[in-house]
Amino acid sequence: MALFQVSIVIPTYNRLDTLQEVLPTLLEQTLSQEAYEILVCDSNSTDGTAKYLAKVHATHPNVRHLPGAYSGRAAARNAGIAAARGEVVLFNDSDILASSDLLEQHLQHHHERKKIAVVGLEVQVKNLADYAYKRDHPEARGSLHPASRKKLSWLYFLTGNASVRREDLIRVGSFDESFTGYGHEDLELGFRLQKSGITILYEPLAINYHCQDVPHDDQKEKMKLAGRSTVRFYRKHPEFSVKANLGMTPISLGLHSLLTGVPAVLGYFDRKAASSKFARSLVQQYYYVSGIKEALRAQA
C-alpha cells in the first residue's frame, strides 16, 4: 500500500542554482507534507547538490536524494519511479517552479477516476524576475492550449508538469532508457500510455513555471538532437501518426533540402533570429530536420 498520495520525481545534474529555488515552491504546497514526497534523482552532480539536499532532508524528511550514474533523464526518472512510495507520480524538473496548489490540482483528477494522466500548464519564463511577474500577472502567462481543452494527445505528454499513477507507469514499462539524447523520451512514454488505454487530461489550473533562457545557437543543437530522437521514436513505433505529428514528412524533408540548397537564405533567417520569432522558429525547425536526416543516414 502506498505511503503517500503523490511522489514528485525530479531528474537533475549540476542544477543547484535553480534546484534551490524550485524545492521551496514544492515544500510550500496547499497539500500537507505528510501526503507527498520529493525524489531528486541526481546524476552524481558535482556542484554541491548532495550537501544541499542533506541539509533540506534534515528539516524535511519527505525530500529524498537518489544519486546514481544515470545515462540520461529517462534513466533518472525511472529510478524515481522505482523508489516512489506514492500512489501517483508527478514529474517535475530542477528548473521548474511550482504554484502553491500544483499537487492538489493534479490529485483532484486522480481521486475522481483511474486510467488517466494529467498534464498541467507549464509557463515559460526567462529568469526569476520573469517568474515573479508571470506568477502575479496571469494575463502575461500565455498557454499552449485553450483553457477549455479537456483532453490531450500523446504529443503533449510533457514531463515538466505531468502525473500518472505509479502502477500504470510500471505496467507500460516506464521510460525507454535508450532515449539518452535530448528529446522525446516523454512523448514516447505518453504514446505507450495512450495506447494502453490511459486518457491524458489537461488541467490549466495545475501551473508551474519553466525557468530557462536557452541561447539560439544552443537551441539549434538541441533541436538537432530532438530530430535524431524522432527517428528513434519512429523506428520503435512505425506508424503514420508518429511521422505526421513529429514532422517527419516529405514536405518537411523537402523544405529542408530547399533551404540547404540556398545557404544565403538560411543565413539571412539565422541573422534575423534574435529579433524575429518566425525566423528563429524556421531556423530551429531546419536544424530539427537536419537531425532527422542525420539519423536516417546513420541507420540506412
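Summarised in this report is the structure supplied together with it. Keep in mind that what you see is a predicted model, and the values were worked out from it rather than measured. (Residues numbered from 1 in each chain as written. Predicted model: local features only at pLDDT ≥ 70, side-chain atom pairs only at ≥ 80, totals over all residues. Heavy atoms only, no water.)

1. Digging into the environment of phenylalanine 191
Then, in step 1: The residue phenylalanine 191 is located in helix H7 (residues 185-195) in this model.
Then, in step 2: Residue class for phenylalanine 191 comes out buried when judged on its relative accessible area of 4%.
Then, in step 3: Each residue touching phenylalanine 191, except ones within four places of it in the same chain, is listed here: Trp154, Phe233, His237, Glu239, Ser241 and Val242. (Helix = DSSP H or I, 4+ residues; strand = E, 2+ residues; numbered from the N terminus. Buried < 20%, exposed > 50% of the residue type's maximum accessible area, 1.4 Å probe, protein only. Contact = heavy atoms within 4.5 Å.)

2. Description of a nonpolar patch on the surface
Then, in step 1: A cluster of nonpolar side chains, namely Ile251, Leu255 and Leu258, defines an oily patch on the protein surface of about 340 Å² accessible area.
Then, in step 2: Mapped onto the fold, isoleucine 251 is located in helix H10 (residues 250-261).
Then, in step 3: Given the relative accessible area of 63%, isoleucine 251 is considered exposed. (Patch = residues over 30% accessible without salt bridge, like charges linked within 9 Å, V, L, I, M, F, W, Y side chains within 5 Å. Areas by Shrake-Rupley, 256 points an atom, 1.4 Å probe, with all protein chains shown as cover. Salt bridge = Lys/Arg side-chain N within 4 Å of Asp/Glu carboxyl O.)

3. Topic: the side chain of histidine 210
Then, in step 1: In this structure, histidine 210 sits in strand S9 (residues 199-211).
Then, in step 2: According to the relative accessible area criterion, histidine 210 is buried, its value standing at 10%.
Then, in step 3: A distance of 3.1 Å separates the side chain of histidine 210 from the side chain of aspartate 95, its partner in a polar contact.
Then, in step 4: A distance of 2.9 Å separates polar atoms of two side chains, one belonging to histidine 210 and the other to glutamate 122.
Then, in step 5: In contact with histidine 210, not counting residues within four places along its chain, are Asp95, Ile96, Glu122, Val123, Gln124 and Val125. (Polar contact = N/O pair within 3.5 Å; in protein donor to acceptor, adjacent residues only side chain to side chain.)

4. What to know about the pairing of strand S6 (residues 116-125)
Then, in step 1: In terms of burial, S6 is a largely internal element, eight of the 10 residues being buried.
Then, in step 2: By the bridge criterion, 10 bridges tie S6 to S9 in an arrangement that is parallel. Its bridge partner lying in S9, glutamine 124 is registered against histidine 210.
Then, in step 3: Bridge count for S6 against strand S8 (residues 162-165) is three bridges, and the pairing is antiparallel. Paired with valine 119 across the strands is alanine 162, a residue of S8. (Pairing = 2+ DSSP bridges.)

5. A look at the nonpolar core
Then, in step 1: Counting 57 residues, the largest nonpolar core has Leu23, Ile38 and Phe157 as the members making the most contacts within it.
Then, in step 2: Those residues in contact with phenylalanine 157, other than ones at most four positions away along the chain, are Ala117, Val119, Ala162, Val164, Asp186, Leu187, Leu189, Gly190, Leu193 and Ile200. (Core = buried A, V, L, I, M, F, W, Y, C linked by side-chain atoms within 4.5 Å.)

6. Focus on H7
Then, in step 1: With nine of 11 residues buried, H7 lies mostly within the body of the structure.
Then, in step 2: For H7, the complete set of buried residues consists of Glu185, Asp186, Leu187, Glu188, Leu189, Gly190, Phe191, Arg192 and Leu193.

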